Amino acid sequence: MKIAIVGLGYVGLPLSLQFARSGVSVLGLDVDPAKIESLNQGRSYIKHIESSAIAEFVKSGMFSASEDFSRIKEVEAVIICVPTPLNKNREPDISFIINTGKSIAPHLHKGILIVLESTTYPGTTDEDLRAVLESGSGLKAGTDFHLAFSPEREDPGNPNSKVAVIPKIIGGYTPMCLEKTKGVYGKAIKTLVPVSSCRAAEATKLMENIFRSINIALVNELKLVYTAMGIDVWEVIEAAKTKPFGFMPFYPGPGLGGHCIPIDPFYLTWKAREYVQNTRFIELAGEINTAMPEYVVNRVGEALNAQKKAINGSKVLVLGLAYKADVDDDRESPSYVLMELLKHRGASVSYYDPYVPVIRPTREHPQWAGTKSVDWNHATFSSFDVVLIATKHGSVNYRELAEWSPCIVDSRNAMSGISTKKGQVWKA
Ligand SMILES: NC(=O)c1ccc[n+]([C@@H]2O[C@H](COP(=O)([O-])OP(=O)(O)OC[C@H]3O[C@@H](n4cnc5c(N)ncnc54)[C@H](O)[C@@H]3O)[C@@H](O)[C@H]2O)c1
């Protein structure tokens, strides 16, 4: 079997490797020529994906990358893993899906399966994508070609998260579409979870991410309440999670980050309006979570104030630019919001991240492009008035940090269990 995977990013690349590993030949399609070149030379551009795996499959011919969408005619199935961001008005931007649909439609043939994996609102697959594919190919979904939705459940940075063993939701446009989808994914994924429609599959993914967003908001709010009462929320979560049923731990932080949790819930909010429905939990969680950076920066102010210093004129180091521990992904990272707020209040801001040595140019944060991570050494770290821990990377030596830095504001409980001087660490 030969398939194509469109969009070779954090989702598409590991999925490609899993299919290749399972004996399915994969044609990787992307619009980024730098990625195509890198992959065809067997080089990874994602920290947690080994180059050796890519090189092995390129060499054996099980994987190749290309920009040539006409090669769709070689494959039995196409899986689409392109970005689904929000636009500047925080509305869904499905233009990447639509553009992919336009690129592949002229090359569709009878019997081919098209699966969308990008997280999106219910109706994207059977309304928006179907319309583009049908008009560009002259073929009909469910009759001439198969159509399905199957959400990705990647957990970047978690070494125990393996594409092959994470159960995969699949929803087809018709029962035949579902059968075809089972046949393709069944080659590479151990457990398939069929649902009744593309929409049910789209809604499942959104529910998973909305659940996270709301529970993170809950612990963020409890952090504020308990801190005011002199109670350590981290201690409380550790205690509560000993309950063997009915509780699941979530952890507070400096704000939401990444490609999914800050964005996906608002895909549902937008679509719900069409049905005159409100999504109050989603809005409230968004409000609480987006207020977190402001709270953390206020704690930096308090920590400096205790030393008779102000944010204005102080040297502040943000430790961790990636949005979560042990990854090199800085998309939607709250660290950028923290840096902006601190700079706005007059601080001189630097960052340290072992996985982001230099900030790449992005649409969201053009002002930081080219800024380099400081080096990890005593002289550098002790020169900052305060270090703000925004990401808890496992490879950072927090004991050394305690020796080097006079003042630490910790939004991740990274300093827990490390001996520090009285008043040196401020939880935020
Ligand atoms: N990263 C995650 O952990 C994660 C987890 C679950 C779901 N998702 C969802 O998966 C989707 C993809 O996310 P990602 O993190 O892999 O994004 P990404 O930005 O890492 O990768 C997307 C890739 O698509 C390519 N691309 C863009 N437009 C294209 C087009 N028209 N044709 C072909 N290629 C195109 C880009 O060049 C890029 O290589 C999103 O909908 C996201 O919400 C991501």
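Every chain's residues receive numbers from 1 upward, in the order its sequence appears when written. Given that the model is predicted, a residue must reach a pLDDT of at least 70 before its local features are reported, and side-chain atom pairs must reach 80 or more before they are shown or counted; all residues, however, enter totals for whole chains, interfaces and linings. The side-chain figures draw on all heavy atoms in the structure; neither hydrogens nor water molecules are used.

Another point: the packing of aromatic side chains. Between the rings of Phe, Tyr and Trp (Trp by its six-membered ring), a pair exists once the centres lie within 6.5 Å; its type follows the angle of the planes, with under 30 degrees stacked, over 60 edge-to-face, and the other angles tilted. Tallying each qualifying case throughout the model produces 10 aromatic pairs. Ring plane angle 45° and centroid distance 5.2 Å describe the contact between Y352 and W376, whose orientation is recorded as tilted. You can see Y352 sitting in strand 10 (residues 348-352) and its partner W376 sitting in the loop between strand 10 and helix 12 (378-382), a full 24 residues away along the chain. Think of it in three bands: residues with accessible area under 20% of the maximum for their type are buried, residues over 50% are exposed, and the middle band is partly exposed, with areas taken using a 1.4 Å probe on protein chains only. For Y352, a relative accessible area of 11% gives the class buried. Here F381 and W404 contribute two aromatic rings whose centre-to-centre distance is 5.9 Å and whose plane-to-plane angle is 55°, an arrangement assigned as tilted. You can see F381 sitting in helix 12 and its partner W404 sitting in helix 13 (residues 398-404), a full 23 residues away along the chain. Strands here mean DSSP runs of E at least two residues long; helices mean DSSP runs of H or I at least four residues long; both are numbered from the N terminus.

In this section: the environment of L39. Of note, L39 is situated in helix 2 (residues 33-40). The exposure class assigned to L39 is buried, which follows from its relative accessible area of 0%. The sequence separation of L39 and V82 amounts to 43 residues, and the corresponding C-alpha distance is 17 Å. Contact criterion: two residues are considered in contact whenever any of their non-hydrogen atoms come within 4.5 Å of each other. Setting aside residues up to four positions removed in sequence, L39 forms contacts with L8, L13, Y45, I54, V58, F63 and A65.

What follows is about the site of the ligand. Around the ligand sit 26 residues in total, of which V11, D30, K35, T84 and R331 are the nearest. What qualifies as a polar contact is a pair of N or O atoms within 3.5 Å, subject to a donor-acceptor requirement within protein and to the restriction that residues adjacent in sequence count only when both atoms come from side chains. A distance of 3.4 Å is found between an oxygen atom of the ligand and a backbone nitrogen or oxygen belonging to V82. When the free accessible area of the ligand is taken as 830 Å², the share hidden by the protein chains comes to 92%. For the shell around the ligand, the leading source of residues is helix 4 (residues 95-104), giving three residues. Classification used: nonpolar for Ala, Val, Leu, Ile, Met, Phe, Trp, Tyr, Cys and Pro, charged for Asp, Glu, Lys and Arg, polar for all others including Gly. Here the residues of the shell around the ligand sort into 12 nonpolar, eight polar and six charged. Whether a residue is near a molecule or strand depends on its heavy atoms: if one lies within 4 Å, it is near. To be clear on the numbers: accessible area is Shrake-Rupley with a 1.4 Å probe, and residue cover counts the displayed protein chains and nothing else.

Right, let's talk about the sheet that holds strand 3 (residues 63-66) for a bit. Strand pairing is assigned whenever DSSP detects at least two bridges linking the two strands. Spatially, 3-2-1-4-5-6-7-8 is the arrangement adopted by the eight strands of the open sheet, whose pairing is mixed. What marks the edges here is a single partner per strand, and that holds for strand 3 and strand 8 (192-195). Adjacent strand axes in the sheet meet at a mean angle of 25°, parallel and antiparallel pairs treated alike. Note: strand 5 (residues 113-116) against strand 6 (residues 146-149), four bridges, orientation parallel. Residue pairing for strand 6: L116 is matched across the bridge by F149. Structural elements are reduced to axes, namely lines fitted to C-alpha atoms, with helices fitted over the stretch in contact, and the angle between N-to-C directions of any two is expressed from 0 to 180 degrees. Along the sheet, helix 4 contacts strand 1 (2-6), strand 4 (77-80) and strand 5; its crossing angle with strand 4, the most-contacted strand, is approximately 160°.

Looking now at the packing of helix 1 (residues 12-21) against helix 3 (residues 51-60). Contact geometry for helix 1 and helix 3: axes closest at 11 Å, N-to-C directions at 50°. In terms of orientation, helix 1 and helix 3 fall into the oblique class. As helix 1 runs across helix 3, the sense of the crossing is left-handed. Two secondary-structure elements touch here, helix 1 through L13, L17, A20 and R21 and helix 3 through A53, I54 and F57. Residue classes in the contact of helix 1 with helix 3 are distributed as six nonpolar, no polar and one charged. Should an angle fall under 35 degrees it is called roughly parallel, over 145 degrees roughly antiparallel, and 65 to 115 degrees roughly perpendicular, with every other angle called oblique. Crossings are classed by handedness, with left-handed meaning an anticlockwise turn of the near helix from the far one by less than a right angle and right-handed meaning a clockwise turn.

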